[in-house]
Amino acid sequence: MTVMEQAAQSLRALALDEGLKDRIAADPTLRGLAWRVAERYVGGRTAAEALDRAALINAQGQAATIDYMGESCRDAERATAETEVFVDLSRQMAERGLDCSISLDLSHIGSVVDRDLGLANATRLAEVTASAGQEMMISMEGSDRTDLILWTHERLCERFEHVGVTVQARLHRTDGDLARLLDLPGRIRLVKGSYLEPESIAHPRGHRKLRAAYFAQAALLLGSGHPCSIATHDADLLEELHELGGSGRHEYEMLLGLDAGLLATMRARGHRVREYVVFGEEWWLYVCNRIAEDPARLFQALVDATSP
Ligand SMILES: Cc1cc2nc3c(=O)[nH]c(=O)nc-3n(C[C@H](O)[C@H](O)[C@H](O)COP(=O)(O)OP(=O)(O)OC[C@H]3O[C@@H](n4cnc5c(N)ncnc54)[C@H](O)[C@@H]3O)c2cc1C
């Protein structure tokens, strides 16, 4: 294992270390340093900050999506209260006239407490976003939840046309899932997949087979005319996909803070682009995972933490 791979593994372990997270939160100096690193990737702690960030993104001619961070909520009451945070976010987005959708993890709004609670809360949010004319994008979680998420999405598609879902090129099952999703309304977002999965069901990170699967699935989506989001920061892949053109119903999407220059390039080439803004107090895991994806970002973190 290379030193970079070891660093990535250590970061993923730190991301899951609740004790460390609490110690940093309790120490004002460490908290300040950690937040300076996080700010590159996180739109803010509050919805108001994320909305300001989305407005700035819109002013640059780009669409935005906002995700209130949180997953695996195991309490029914809290899951329903968290749903109301999204509802309020949708209302504020509409009031400000933003070109912005909502992104969410279904496990944040109750799907792992009970699938019907998850569906009920997702339906509430779908009703609110439909009447505000906003898109609602469902994220994809670990492979033990893929069926649950696709089941919920399919139920929502029986009533709504504006609810999209994310699929992970990493999983071997995705070709089959994509074939079914192309018959449903709603944008399909294609990502490589950020969860650690066994090689029996998934291509490993960085493997040429993952790249090949991503390219083939993205080409299928771009050629289909179905609304889709090609969500990757892989510059080589983007170069090749750009050559394929697109249906006009496609967009390129990237996470805040990862490669604004690349996103601007795709926009300059005539594609619609979207930037993904996360907000909330649950930023520790998210930020550690972003840095672990490319341990060279540790150097950036050092610069960010020590900049005045
Ligand atoms: C809008 C959006 C929504 C997302 N939603 C989800 C979701 O719902 N579920 C989910 O699982 N994931 C999601 N992700 C995350 C996604 O799955 C990937 O983990 C993340 O985007 C990194 O993969 P990448 O395609 O950007 O390319 P990468 O593979 O990270 O490539 C980006 C750059 O890093 C370089 N690189 C590749 N491998 C390595 C390595 N080992 N070390 C160092 N550098 C390397 C590449 O050469 C390339 O230049 C989302 C991503 C985006 C952009």
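This structure is a prediction, so every number in the text was calculated from the model and none was measured.

Reading the values: the criteria
Residues numbered from 1 in each chain as written. Predicted model: local features only at pLDDT ≥ 70, side-chain atom pairs only at ≥ 80, totals over all residues. Domains from an automatic or database assignment. Contact = placed C-beta atoms within 7 Å. Nonpolar A, V, L, I, M, F, W, Y, C, P; charged D, E, K, R; others polar. Core = buried A, V, L, I, M, F, W, Y, C linked by C-beta atoms within 7 Å. Buried ≥ 20, exposed ≤ 12 C-beta atoms within 10 Å, placed from the backbone. Helix = DSSP H or I, 4+ residues; strand = E, 2+ residues; numbered from the N terminus. Pairing = 2+ DSSP bridges. Axes fitted to C-alpha atoms, helices over the stretch in contact; angles between N-to-C directions. Right-handed = clockwise from strand over helix to strand, strands pointing away. Parallel < 35°, antiparallel > 145°, perpendicular 65-115°, else oblique. Near = placed C-beta within 6 Å. Arc of directions from axis to C-beta.

*Asks:* What exactly am I supposed to notice about the domain arrangement of the protein chain here?
*Replies:* Many authors give the size of an interface as the accessible area that is lost as the parts come together. What the domain assignment reports for the protein chain is domain 1 (1-42 + 287-308) and domain 2 (45-279). Spacing between the C-alpha centres of domain 1 and domain 2 amounts to 24 Å. With five residues of domain 1 at the contact, the number on the domain 2 side is six residues. Counted by class, the side of domain 1 that touches domain 2 contains two nonpolar, one polar and two charged residues.

*Asks:* Explain the nonpolar core to me, please; I cannot follow it from the model alone.
*Replies:* Taken as a class, soluble globular proteins show a tendency for nonpolar side chains to be buried jointly. Among the nonpolar cores identified, the biggest contains 73 residues, and Ala 54, Ile 66, Leu 190, Val 277, Phe 279 and Val 287 are the most heavily contacted of them. Counting residues per element, this core draws most heavily on helix α12 (residues 283-293), which supplies six residues. Two domains share this core, each providing at least three of its residues, namely domain 1 (1-42 + 287-308) and domain 2 (45-279). Not counting residues within four places of it along the chain, the set of residues in contact with Val 277 comprises Gly 43, Ala 50, Arg 53, Ala 54, Ala 64, Thr 65, Ile 66 and Leu 256.

*Asks:* What is the right way to look at the sheet that holds strand β5 (residues 188-191) in this model?
*Replies:* Each strand in a sheet pairs with its neighbour through backbone hydrogen bonds, running either in the same direction (parallel) or in the opposite one (antiparallel). The strand order around the closed barrel formed by eight strands is β1-β2-β3-β4-β5-β6-β7-β8, and the pairing between neighbours is parallel. Neighbour-to-neighbour, the strand axes of the sheet open up by a mean angle of 30°, direction not taken into account. Pairing geometry for strand β1 (residues 63-68) and strand β8 (residues 273-279), over six bridges, is parallel. If you follow Asp 67 over to β8, its bridge partner there is Val 278.

*Asks:* Help me understand the pairing of strand β7 (residues 250-255) in this model?
*Replies:* For a regular strand, side chains alternate in direction, first toward one face of the sheet and then toward the other. Among the six residues in β7, six count as buried, and that is most of the element. Here β7 shows two buried faces, one formed by His 250, Tyr 252 and Met 254 and the other by Glu 251, Glu 253 and Leu 255. Taken together, the four bridges between strand β6 (residues 228-231) and β7 define a ladder with parallel strand orientation. Bridging across to β7, Ser 229 finds its partner in Glu 251. By the bridge criterion, four bridges tie β7 to β8 in an arrangement that is parallel. Residue pairing for β8: Met 254 is matched across the bridge by Glu 275. Remark: the β7/helix α11 (residues 260-268)/β8 crossover connection has right-handed handedness.

*Asks:* Would you take a moment to explain the packing of helix α5 (residues 76-95) against helix α6 (residues 115-132) for this structure?
*Replies:* To characterise two packed helices, one gives the angle between the axes of the helices and the distance between these axes. With their axes 10 Å apart at the nearest point, α5 and α6 run at an angle of 10° to one another. Taken together, α5 and α6 sit at an angle that is classed as roughly parallel. Judged by residue contacts, Ala 76, Ala 79, Thr 80, Thr 83, Phe 86, Val 87, Ser 90 and Ala 94 of α5 engage Leu 117, Asn 121, Arg 124, Leu 125, Val 128, Thr 129 and Ala 132 from α6.

*Asks:* Could you clarify how one ought to interpret the site of the ligand in this entry?
*Replies:* In the region of the ligand, 23 residues are neighbours, and Ser 139, Val 191, Ser 194, Thr 232 and His 233 sit closest. Within the residue set of the shell around the ligand, elements represented by two or more residues are β4 (163-168) and β7. Ranked by residues supplied to the shell around the ligand, first place goes to β7 with three residues. Tallied by class, the residues present in the shell around the ligand amount to nine nonpolar, eight polar and six charged. Two domains each put at least three residues into the shell around the ligand: domain 1 (1-42 + 287-308) and domain 2 (45-279).

*Asks:* Mind showing me how you'd approach the pairing of strand β2 (residues 100-104) here?
*Replies:* Most of β2 is tucked away: five of the five residues are buried. Here β2 shows a buried face lined by Cys 100, Ile 102 and Leu 104 and a second buried face lined by Ser 101 and Ser 103. Relative to β2, β1 runs parallel, the two sharing four bridges. Residue pairing across strands places Ala 64 opposite Cys 100, the latter belonging to β2. When β2 meets strand β3 (residues 136-138), the two strands line up parallel, connected through three bridges. Residue pairing across strands places Leu 104 opposite Ile 138, the latter belonging to β3.

*Asks:* Even after reading the chapter, I still don't get the environment of Arg 23, so can you show me in this structure?
*Replies:* Structurally, Arg 23 is set in helix α2 (residues 18-26). Distance in space between the C-alpha atoms of Arg 23 and His 207 is 36 Å, their sequence separation being 184 residues.

*Asks:* Looking at this structure, I do not really get helix α3 (residues 28-38). What am I missing?
*Replies:* At 3.6 residues per turn, the α-helix brings residues three or four places apart onto the same side. Inspection of α3 places Ala 34, Val 37 and Ala 38 among the buried residues, and these make up the whole buried set. The buried residues of α3 all sit within an arc of 100° when viewed along its axis, so they share a single face. The outward face of α3, more than 90 degrees from its buried face, is lined by the exposed residues Pro 28, Thr 29 and Gly 32. In the core, the buried residues of α3 are packed alongside α2, α12 and α13 (297-306).

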